[in-house]
Amino acid sequence: MNDVFWNYNMSPDILSGKKLVIFDVDGVIFDIVEAIRDTVKEGIEKYHLKANVEDAMEEVGHVLEFAQSMPIPELVLNSNELFGKLSLFDGLTVLKRLRIAASFYGSFRQKKEQCGLFDGIVDVIKGLSKKGLRLAILSNNKRSYVIEALKKQNLEGYFGNILGFNEVSKTKPDPEGLFKILEIEQMKPNEALFIGDMVSDVQCGKSANVNTIAVASGLAPKDKLVAEKPFQLVNNIREMQKLFGV
């Protein structure tokens, strides 16, 4: 498939009429790919799972998103929704699936502390701010974690609103969080852009009628992002920097 259909060359003035840019965190601002890869590799070896590391990474990312946004009792109640379509856990009992998921989560949290920023993301954030755009964050992480992580990088002050899973009743791909940010900022959907790296981010943006830029350097395979037909698709943050002209 010809990627140029979603390439920045097709949209020379993508910021025209935009006043607000909403960022996802993991996979857009922070590079968690290697942390996920190491977590998956260790888990497959430890539990003798029949899976390929690269193929399993998106599935584990999906599990971790749920795990960090739900209390344990709710996680157990929603285990069928969480594990039902994941080939990584085929043939395992619910109890073993939960035990493995908890192990993945604990391992990933330790590795996540060492995750750095994507190359070029500081230029994007500062450049958009200099252009006078409002910046916000919608994450399936806990808000306090996002704030702490941004503070360590001296980036917190660039974002007017930061919403995590505690601030919404339904996380992405549900559009509740985007609608809430738009309401707080008193913006219309066509005045905003949303940037994410997961299929759920593209689905969230579409449901809210907010143009969404998919970044293919996160966890989701590029072909899956293309299949969702985002407003724009870039291969990495440096391409996004060119897209915005910052």
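The structure displayed is predicted, hence computed values, not measured ones.

Asks: Any chance you could explain the sheet that holds strand β5 (residues 211-215) here in plain terms?
Replies: Sheet strands line up and pair through hydrogen bonds in the backbone, either parallel or antiparallel. The six strands lie next to each other as β3-β2-β1-β4-β5-β6, forming an open sheet whose pairing is parallel. Where the open sheet ends on each side, the last strands, each with one partner, are β3 (161-163) and β6 (232-234). Pairs of neighbouring strands in the sheet enclose a mean axial angle of 20 degrees, with direction left out of account. The strands that helix α6 (residues 121-130) touches are β1 (20-23) and β2 (134-138); relative to β1, the one it contacts most, it runs at about 155 degrees. On top of the sheet, helix α9 (residues 199-207) reaches β2, β4 (192-196) and β5; it is set at about 170 degrees to β5, its chief contact.

Asks: Got a minute to help me understand the packing of α6 against helix α11 (residues 237-244) in this structure?
Replies: For any two helices packed against each other, the geometry comes down to the angle between their axes and how far apart the axes lie. Put simply, α6 and α11 touch, their axes get as near as 9 Å, and they point 25 degrees apart. One way to sum up the angle between α6 and α11 is to call them roughly parallel. In this structure, the crossing between α6 and α11 has a hand that is left-handed. Taken together, the residues of α11 that come into contact with α6 (itself represented by Ile121, Asp123, Val124 and Leu128) are Ile237, Arg238, Met240, Gln241 and Phe244. Grouping the amino acids of the contact of α6 with α11 by side-chain chemistry returns six nonpolar, one polar and two charged.

Calculation rules
Residues numbered from 1 in each chain as written. Predicted model: local features only at pLDDT ≥ 70, side-chain atom pairs only at ≥ 80, totals over all residues. Heavy atoms only, no water. Pairing = 2+ DSSP bridges. Helix = DSSP H or I, 4+ residues; strand = E, 2+ residues; numbered from the N terminus. Axes fitted to C-alpha atoms, helices over the stretch in contact; angles between N-to-C directions. Contact = heavy atoms within 4.5 Å. Parallel < 35°, antiparallel > 145°, perpendicular 65-115°, else oblique. Left-handed = near helix turned anticlockwise from the far one by under 90°. Nonpolar A, V, L, I, M, F, W, Y, C, P; charged D, E, K, R; others polar.

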